[in-house]
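Next come the chains, spelled out residue by residue.
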Amino acid sequence: MSVMPSTVSLNSEEFRRNREAYEARIRELHERRARALAGGPEKARLLHKQRKQLLPRERLAAVLDPGSPFLEFGQLAGDGLHKGVVPSGGIITGVGLVSGRPCMLMIHDATVKGGSYYGITAKKHVRAQMFAWQHRLTCITMVQSGGANLPEQAHIFPDEGQFGSIFYNQIRMSAEGIVQIATVHGPSTAGGAYLPALCDEAVIVRNQGAMYLAGPELVYAATKEEVDVETLGGGEMHSRVSGVTDQLAENDGHAIAIVRGIVANLGAAPKQRWDTAAPMPPRHHPREIYGIVSADNRHPTDNREVLLRLIDDSDLQEFKPLYGDTMICGFARIKGFQIGILANNGVIFSESALKGAHFIELCCQRDIPLLFIADVSGFMVGKAVEQQGIAKHGAKFMTAMASANVPRYTLIIGGSYAAGYMAMCGRPFKPTVMMMWPTGRAALMGPEQAATTLAMVREKIHRREGTTWTDEDKERFKQPIREQFERFASPYNYASNLWCDMVVDPVETRDTMALLLELAGRQPQRDTRFGVFRM
Ligand code: COA
């Protein structure tokens, strides 16, 4: 037992200021979530209801077991990315329990541009599939989609990771025994029709679902053949004549009940890989994190205090507590699941990098998942550390992090900049899931440093060309750069572009991590072979 004591004063002025600032950010998070949860424009939702269809979130509620959690991915995807906004990227994705079994649900939102795919929709669908693939989760796709959003073809059609990859992933997952099920709830054209056609089993709703490679208008334009929706691709036709669908449902609710029945008969689920301990709450409430995370970027947060509000019983078996203290490393449990945590507590020095690499090796040997908690302006710079070889020590840390074959999670709680972002298992290093707190930020550098760097470059050019600029000119030059870097670093920019999977409230973090770790327990263990460690 190594229960960490807290030295935070809950009554201090600083705690109050931090908490107020954090609570404002939480309000913003909930406003953004509410907008995403509403779906498409009211007119489209009304039309949907008039057609006697369940809305996508109602379909979700109907397919989940009562009381099931729903671990949603990419809820804020696409926000502000396209003119007219694409709430949630036009598709809902996440993991929940269906007939007692965790499944990946992918549900088109036809109230958003007829469920047609923007680039971000395809990216989000593919991301959900990759998670399902890694965790061997049955995939349920609820289809109602106009296929590719035509003006978006550059982001949909030609490349890997776009619409075509969805089909590829379906086929390869099916080949590995990862079940693919679809329900067709509305007109589904071209790509929207191939999605269910490529599933192991497909259900279609009578007089409502339809699927065809080209709709009646396009058929007429191409061949002058006149045909109505039902004859061309309705539920009766596909269930009795073409055999493209396997089950005919009377309505949305019936289709969902059929899917629940299919899942209930899928045979044995994968066994859990780890034993868990009895979950224990932290000794200090996670809500206190609001008052601990510094609202002033110039003052660092004491991340030991944050940690002891995230882990069971505030109990951290710290590794090398007296060495490389800007990288806290230790073994802990979150709701009973064991985890190896690496958390920044200042810039990364050679010692912290070496300690981190050593700790990752331990976790890989012991098959313990890793959680990277990022709050770092980067690696230390300067003559002394360069001569010490910080580049090769940083490389060892990155090699260990990138080679590790245990599940790796990233949580950005403060600024995560430059190589620090990379080293703390940033998105390019393929963490199993990347989360950000509302205070998380990530960029090449901070706004002030970026403005100063570019101003210095400009100043050098002025000197070379014999021109001058006033202090006011310089400030006018710097301000938009600061603003641009501020906007870029925002967790909502990351969420919108799907550079992170979710923005989580600190008080939700334990629940989210526990769900993720439970799912990770389904993955088969893989040994780690490390890249060359430069000595
Ligand atoms: N590309 C771009 N926009 C599309 C689209 C597509 N493939 N499919 C639908 N939309 C847009 C519509 O223009 C409309 O936009 P608006 O909200 O700005 O008016 C919105 O989505 C809703 O379309 P609407 O036709 O009113 O909805 P619906 O529920 O009555 O019908 C479809 C939905 C999908 C059946 C119908 O829109 C359709 O047939 N689309 C064309 C599908 C197609 O041929 N795809 C080929 C892809 S390769």
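Conventions and cut-offs
Residues numbered from 1 in each chain as written. Predicted model: local features only at pLDDT ≥ 70, side-chain atom pairs only at ≥ 80, totals over all residues. Heavy atoms only, no water. Salt bridge = Lys/Arg side-chain N within 4 Å of Asp/Glu carboxyl O. Helix = DSSP H or I, 4+ residues; strand = E, 2+ residues; numbered from the N terminus. Buried < 20%, exposed > 50% of the residue type's maximum accessible area, 1.4 Å probe, protein only. Phe/Tyr/Trp six-rings, centres within 6.5 Å; stacked < 30°, edge-to-face > 60°. Pairing = 2+ DSSP bridges. Axes fitted to C-alpha atoms, helices over the stretch in contact; angles between N-to-C directions. Contact = heavy atoms within 4.5 Å.

**A look at the pattern of salt bridges**
With the rule as written, the count across this model stands at 28 salt bridges. Between R260 and D65 there is a salt bridge whose closest N-O contact spans 2.7 Å. Linking R260 in helix 11 (residues 252-264) with D65 in the loop between helix 3 (56-63) and strand 1 (70-73), this pair joins segments that are 195 residues apart in sequence. A residue is classified by how much of its surface remains accessible, and R260, at 23% relative accessible area, is partly exposed. Between R304 and E318 there is a salt bridge, with its nearest N and O atoms 2.6 Å apart. Taken together, the residues R304 in helix 13 (residues 303-307) and E318 in strand 10 (residues 317-319) connect sequence positions 14 residues apart. Because the salt bridges share partners, they merge into one network encompassing E28, R32, R35 and D79.

**Here we look at the packing of aromatic side chains**
Per the stated rule, a full pass over the model turns up 13 aromatic pairs. A centroid spacing of 5.5 Å and a plane angle of 40° characterise the contact between F488 and W499, whose relative ring orientation is tilted. Placement of F488 in helix 19 (residues 471-489) and of W499 in the loop between helix 20 (491-496) and strand 17 (502-503) is noted, with a sequence separation of 11 residues between them. Overall, F488 belongs to the partly exposed group, its relative accessible area being 35%. Relative to F533, the ring of F530 has its centre 5.4 Å away and its plane inclined at 35°; by these criteria the two rings are tilted. Chaining the aromatic ring pairs together yields one cluster made of Y117, F163, F167 and Y194.

**Quick notes on the sheet that holds strand 4 (residues 138-143)**
Pairing is mixed in the open sheet, where 7 strands are placed in the order 1-2-3-4-5-7-9. Lying at the two open borders of the sheet, with one neighbouring strand each, are strand 1 and strand 9 (247-249). On average, each strand axis in the sheet is inclined to that of its neighbour by 20°, with strand direction left out of account. As judged from the 5 bridges shared by strand 3 (residues 101-108) and strand 4, these two strands associate in the parallel manner. Note on strand 4: the bridge partner recorded for I107 is M142. Against the sheet, helix 4 (residues 119-135) makes contact with strand 1, strand 2 (91-98), strand 3 and strand 4, and its axis sits at roughly 25° relative to strand 2, the strand it touches most.

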